[in-house]
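# Inside the fold
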Amino acid sequence: MEDIEEIRKLKARYFRLLDQQDWQGVSEVFSPDAQIDVSSSTVNSSGRGVYSSRDSFVESVSKILHGAVTVHHGHNEEIEMTGPDSASGVWAMEDRLWFPEGSPVRTLWGAGWYEEEYERIDGRWRITRMVLRRQRVEIDGNPVN
């Protein structure tokens, strides 16, 4: 149970640091070679949003969210230990984003879930794989999918 609680705190940190735009902190919740797929967040499925490292993910997201106000929520987590230093999890999610005046998109609302894998590296839990699967996205109040 202690490991599961540490993983809960890890994901809570991810959401908070993302909303605070603390990019160094966001980077630290992932392993360096984390596989991250947030392509369901893009309006078209052009393969954009798939990253093979935490650095490429953080660099891209920091540019996309520059000047935006965001609120990310994760809940109803299902975490399963898969080994002494590994685990997997699924999190329900909802987010709201408000972009600065003059942006091509003013607001985004989304709901869905994260599928994740975790490893304890140097004594600390890290996200090694994160896939965002959105059920619903609305841009400027209009359904996209």
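Attention here is on the structure that accompanies the text. This one's a predicted model, so the numbers in the text were calculated from it and none came from an experiment.

As a further point, take the overall build of the chain. Across its full length, the chain holds 3 helices and 7 strands. Overall, the C-alpha framework of the chain stretches about 50 × 25 × 25 Å when taken along its three principal axes. Burial analysis of the chain (145 residues in total) assigns 39% to the buried set. By sequence separation, contacts in the chain at least 24 residues apart represent 53% of the contacts at least 6 residues apart.

Bridging between strand S1 (residues 30–37) and strand S6 (residues 124–139) involves 4 bridges; their strand directions are parallel. Its bridge partner lying in S6, glutamine 35 is registered against arginine 129. Taken together, the 2 bridges between S1 and strand S2 (residues 50–51) define a ladder with antiparallel strand orientation. The residue of S2 that forms the bridge with isoleucine 36 is tyrosine 51.

As a further point, take the side chain of serine 27. Residue placement: serine 27 occurs in helix H2 (residues 23–28). Non-local contacts of serine 27, meaning those with residues more than four positions away in its chain, are made with Arg54, Asp55 and Val58.

A few words on the packing of aromatic side chains. Evaluated as defined, the whole model comprises 6 aromatic pairs. A centroid spacing of 5.8 Å and a plane angle of 90° characterise the contact between tyrosine 14 and phenylalanine 30, whose relative ring orientation is edge-to-face. Here the residue tyrosine 14 occupies a position in helix H1 (residues 2–20), and phenylalanine 30 occupies one in strand S1, the gap between them amounting to 16 residues. Between tyrosine 51 and phenylalanine 57, the aromatic rings sit 5.6 Å apart at their centres with planes inclined by 70°, giving edge-to-face as the arrangement.

Attention shifts here to H1. Between its first and last C-alpha, H1 extends 27 Å over 19 residues, near the 27 Å set by a 1.5 Å rise per residue. All of the buried residues along H1 are Ile4, Ile7, Leu10, Lys11, Tyr14, Phe15, Leu17 and Leu18. Of the residues flanking the end of H1, it is glutamine 21, one or two places downstream, whose phi is positive at about 55°.

Reading the values: the criteria
Residues numbered from 1 in each chain as written. Predicted model: local features only at pLDDT ≥ 70, side-chain atom pairs only at ≥ 80, totals over all residues. Heavy atoms only, no water. Helix = DSSP H or I, 4+ residues; strand = E, 2+ residues; numbered from the N terminus. Buried < 20%, exposed > 50% of the residue type's maximum accessible area, 1.4 Å probe, protein only. Contact = heavy atoms within 4.5 Å. Pairing = 2+ DSSP bridges. Phe/Tyr/Trp six-rings, centres within 6.5 Å; stacked < 30°, edge-to-face > 60°. Expected span 1.5 Å × (residues − 1).

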